[in-house]
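Listed below, chain by chain, are the residues.
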Amino acid sequence: QVQVVESGGGLVQAGGSLRLSCVASGSISRINTMGWYRQAPGKQRELVARITSDESTNYADSVKGRFTISRDNAKNTVYLQMNSLKPEDTAVYYCNADVVKRYAYTRDQYWGQGTQVTVSS
């Protein structure tokens, strides 16, 4: 089994910062791409940022220059540093991990349960 757990969400005023963390654990051989997605009420889930195993990154246009994704491969952890937050960043943020499982060497996508980020104006 593989578990993905996010943490670090909360309530912050516009212009503030938050740092999200996501840890993948369990029967993992390696993790390819890890990413952050978000879903606001009444909207579809959208990509925020993702990072490959060799740390190549890409970002949604709406967060470029404000958010930074990074990872620690030794800890199977991905981070999202969010600066200059805006009310429109309010959403549930989900972590995704593209995992190759130990022993079976099957590859699957795993999602966390989500963490709420609320930005007040």
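Refer to the structure printed above.
Residues numbered from 1 in each chain as written. Predicted model: local features only at pLDDT ≥ 70, side-chain atom pairs only at ≥ 80, totals over all residues. Heavy atoms only, no water.

Points about the overall build of the chain
Just so we agree on the cut-off: A run of H or I in DSSP counts as a helix once it spans at least four residues, and a run of E counts as a strand once it spans at least two, with each numbered from the N terminus. Computation of the radius of gyration draws on C-alpha atoms, with the globule rule given as 2.2 Å multiplied by the number of residues to the power 0.38. Buried means the residue's accessible area, taken with a 1.4 Å probe over protein chains only, is under 20% of the maximum for its type, while exposed means over 50%, and partly exposed covers the values in between. Contacts: residue pairs with any heavy atoms within 4.5 Å of one another. A 1.4 Å probe and the Shrake-Rupley method give the accessible areas. Residues count as covered only by the protein chains that appear here.
Counting its secondary structure elements, the chain contains zero helices and eleven strands. N-terminal to C-terminal, the α/β element order of the chain is β-β-β-β-β-β-β-β-β-β-β. Here the C-alpha atoms of the chain give a radius of gyration of 14 Å, agreeing with the 14 Å that 2.2 N^0.38 yields for 121 residues. Dimensions of the chain, computed from the C-alpha atoms along their principal axes, are close to 50 × 25 × 20 Å. Each of the 121 residues in the chain was classed as buried or not, and the buried ones make up 43%. Sequence-distant contacts in the chain: of pairs separated by 6 or more residues, those separated by 24 or more amount to 56%. Summed over its atoms, the accessible surface of the chain is roughly 6400 Å², and 45% of this surface lies on carbon and sulfur atoms.

Focus on the pairing of strand β7 (residues 67-72)
Our working rule: Note on pairing: two strands pair once DSSP finds at least 2 bridges between them.
Side chains F67, I69 and R71 of β7 all project onto a buried face; the interleaved residues T68, S70 and D72 project onto a face where none is buried. Pairing geometry for β7 and strand β8 (residues 77-82), over six bridges, is antiparallel. Residue I69 lies in a different strand from β8, and its bridge partner there is L80. Between the antiparallel neighbours β7 and β8 lie four residues, among them N76 with a positive phi of about 50°.

Description of the packing of aromatic side chains
The following threshold applies: Side-chain rings of Phe, Tyr and Trp, where Trp is taken by its six-membered ring, are said to pair if the distance between their centres is within 6.5 Å; with planes under 30 degrees apart they count as stacked, over 60 as edge-to-face, and otherwise as tilted. Only when the NZ atom of a Lys or the CZ atom of an Arg is both within 6 Å of the ring centre and within 35 degrees of the ring normal do we say a charge sits over the ring.
Tallied over the entire structure, the rule returns one aromatic pair. Here the aromatic rings of Y37 and W111 are separated by 5.0 Å at their centres, their planes lie at 65°, and the arrangement is edge-to-face. One end of the pair, Y37, is in strand β4 (residues 28-39); the other, W111, is in strand β10 (residues 107-111), with 74 residues separating them in the sequence. Above the ring of Y94, the side-chain terminus of R45 is found at 3.7 Å from the ring centroid.

A look at the pattern of salt bridges
Formally: Note on definitions: salt bridges are taken to be side-chain nitrogens of Lys or Arg within 4 Å of carboxyl oxygens of Asp or Glu.
Evaluation of the coordinates by the stated rule reveals five salt bridges. Where R38 meets D89, a salt bridge forms, and the shortest distance between an N and an O atom there is 2.9 Å. Of this pair, R38 sits in strand β4 while D89 sits in the loop between β8 and β9 (91-101), and the two are 51 residues apart along the sequence. Residue classification places R38 among the buried positions, given a relative accessible area of 6%. Overlapping salt bridges, with partners in common, bring together R38, E46, R66 and D89 in one network.

A look at the environment of G10
With respect to the element layout, G10 can be found in strand β2 (residues 10-13). Using a relative accessible area of 24% as the deciding quantity, one classes G10 as partly exposed. Along the sequence, G10 and L20 sit ten residues apart, while their C-alpha atoms lie 9.6 Å from each other. Residues within four places of G10 in sequence aside, it is in contact with L18, Q116, V117 and T118.

A closer look at the sheet that holds strand β1 (residues 2-7)
Note the threshold: Working convention: axes come from line fits to C-alpha atoms, limited for helices to the stretch in contact. Angles between N-to-C directions cover 0 to 180 degrees.
Ordered in space as β1-β3-β8-β7, the four strands form an open sheet in which the pairing is antiparallel. The open sheet is flanked by β1 and β7, the only strands paired with a single partner. The sheet shows a mean angle of 15° between the axes of neighbouring strands, direction not considered.

Keep in mind these values describe shape, not function.
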